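# Analysis of the macromolecular model
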Amino acid sequence: MASEQVGVHVDHWPDRCDGCGAALPRIAAGAPARRQVHDLPDPPPLAVTEHRAQAVCCPGCRTRTRAAFPAAVAGPVQFGPRLEAWVAYLRYAQHLPTARLRDLLRELHGVSLSTGTVETLCRRAVARQAARASQLRAQALALPVACMDETGLRVAGAMRWLHVSCDDRFTHYRLGARSAIWAEYTGIAVHDRLASYWTRLSDETAHGVCNAHLLRNLEEIVELEKAPDGWAAAMQTLLREARDTAVHWCNTTGGPVPEPVRRQTAAAWDALLAPVLDHYESLPPPACGRHRGHNLALALWTLRDACLLFLADPRVPFTNNLAEQALRMAKLQMKISGGFRTPAGAERFARMRGLIETARKQGHNLLDLLRLDPEAPVPWLDPVPP
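Because the structure is predicted, anything quoted here is derived from the model rather than measured.

### Some thoughts on the nonpolar core
- The biggest cluster of nonpolar side chains holds 93 residues, and the ones touching the most others in it are Val87, Trp231, Met235, Trp269 and Leu300.
- Discounting chain neighbours no more than four positions away, the residues touching Leu300 are Leu214, Leu218, Trp231, Met235, Trp269, Leu273 and Cys307.

### What about the pairing of strand β7 (residues 206-209)?
- Pairing analysis gives 4 bridges linking strand β6 (residues 188-191) to β7, with the strands arranged parallel. Looking at β7, one finds that His191 is bridged to Val209.
- Tracing the backbone out of β6, into helix α5 (residues 195-200) and back to the parallel element β7 gives a crossover that is right-handed.

### Some remarks on the environment of Pro70
- Counting through the fold element by element, Pro70 comes out in the loop between β2 (64-66) and α1 (81-93).
- Judged by relative accessible area, Pro70 falls into the partly exposed class, the value being 40%.
- When the C-alpha atoms of Pro70 and Gly254 are compared, they prove to be 55 Å apart, with 184 residues separating the residues in sequence.

### Quick word on the state of the cysteines
- With the rule as written, the count across this model stands at 0 disulfides.
- Free of any disulfide, Cys57 has its nearest cysteine sulfur in Cys58, 7.0 Å distant.

### Structural notes on the pairing of β6
- Judged by which residues are buried, β6 turns out to be covered on both faces: Ile188 and Val190 on one side and Ala189 and His191 on the other are all buried.
- In the sheet, strand β3 (residues 145-155) pairs with β6 via 3 bridges, with the strands oriented parallel. Bridge pairing links Ala146 to Ala189 in β6.

### With respect to the side chain of Arg348
- Along the polypeptide, Arg348 turns up in helix α13 (residues 343-361).
- One buried charged residue, Arg348, remains without a salt bridge, the closest side chain of opposite sign being Glu119 at 4.1 Å.
- Contact partners of Arg348, with chain neighbours within four places excluded, come to Tyr92, Glu119, Arg123 and Val126.

### Details of the packing of aromatic side chains
- Here the structure, examined in full by the defined rule, presents 4 aromatic pairs.
- Taking 5.7 Å as the distance between ring centres and 85° as the angle between the ring planes, the aromatic pair formed by Trp86 and Tyr89 counts as edge-to-face. On the criterion of helical spacing, the pair formed by Trp86 and Tyr89 is a turn pair, its members being 3 residues apart in helix α1.
- Look at Trp86 and you get partly exposed, because its relative accessible area is 37%.
- Under the relative-accessibility criterion, Tyr89 is labelled buried at 18%.
- Between Phe340 and Phe349, the aromatic rings sit 5.3 Å apart at their centres with planes inclined by 50°, giving tilted as the arrangement. Each member of the pair Phe340 and Phe349 is classed as buried.

### Structural notes on the sheet that holds strand β5 (residues 171-176)
- With respect to topology, 5 strands assemble into an open sheet ordered β5-β4-β3-β6-β7, the strand pairing being mixed. Lying at the two open borders of the sheet, with one neighbouring strand each, are β5 and β7. Ignoring strand direction, the axes of neighbouring strands in this sheet form an average angle of 30°.
- Where helix α4 (residues 130-141) meets the sheet, it contacts β4 (158-166) and β5, and its direction lies at approximately 100° from that of β5.

What counts, and where the lines are drawn
Residues numbered from 1 in each chain as written. Predicted model: local features only at pLDDT ≥ 70, side-chain atom pairs only at ≥ 80, totals over all residues. Heavy atoms only, no water. Core = buried A, V, L, I, M, F, W, Y, C linked by side-chain atoms within 4.5 Å. Buried < 20%, exposed > 50% of the residue type's maximum accessible area, 1.4 Å probe, protein only. Contact = heavy atoms within 4.5 Å. Pairing = 2+ DSSP bridges. Helix = DSSP H or I, 4+ residues; strand = E, 2+ residues; numbered from the N terminus. Right-handed = clockwise from strand over helix to strand, strands pointing away. Disulfide = S-S within 2.5 Å. Lys, Arg positive; Asp, Glu negative; His and termini not counted. Salt bridge = Lys/Arg side-chain N within 4 Å of Asp/Glu carboxyl O. Phe/Tyr/Trp six-rings, centres within 6.5 Å; stacked < 30°, edge-to-face > 60°. Axes fitted to C-alpha atoms, helices over the stretch in contact; angles between N-to-C directions.

So this is what it looks like as structure tokens:
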């Protein structure tokens, strides 16, 4: 750490000479040796600011006039924006349940909050971010390429679905039915083949398939059919080789895989799947539906261009792992609390998690965001790239 950042200096002086044992004066004989101890300061106690509205009597008409309190000071006793920001940070960023949150603030700062006060502060913090959450939603819908996924949440005793749309700089969540995906989105959606993405997204939307899901599906077929050298294993190899090819060309030229190479990969894809489909169609059908391997082979045949879109467009990721990662904190919240008691509480969680994830991805301080005045611009919310 630079010397100007050191807050406390403690000088240690020798008492006697190592040579003759004489007493030594405290006069430095050169630069000191230095060692630093980095530690946290003692937590500060609650700071109380008292606003006093003075009254003044007019010397002319003798009217007595009292000053107005600031708009933000609305009650006789209230908690300020820094405490509000800390409560929201602990609840939505660190996922502390109310009891542990209250214990932490009491032990560190001597602040005694009731359960109702914690909820009130959380609602106030979310309300302060309402305009920014709307801005983030618009930015997420304008992303040229978005990873999408969904997960179930227990809300007021019923199943709701948390949907996410994100890339490496933005994350936005919303609650709805499982089929209530991002119908307004018109860019390139990378997803896990859920039927709603194909039927409810705009006709202008292009589709990329998460190939990590496909690799897992193929591994299931390898294990189910006990065929480590079968078609599913060969398709896994083809997908991985295509991924490595895309990485090579992106690192080499920064652009897509050349069209002749893409045509070659597509031809290998079709050549691998055609006899597989013939084989499944020659088998006696199962009691219900099709064989699992047959279903997957049909999906791969039909969705070839979506599966290989990452070859043609270097912006398209091989997987939608960004979306899966974005949902992990929601699953953690479910493990901690078991669910949300009200739809409003779940909505607040979704709104704040989007802002928190976006701030983290862009390397900005979460507490700075939570303390910002609602009317202040958000310089860290970068514009959507072209």
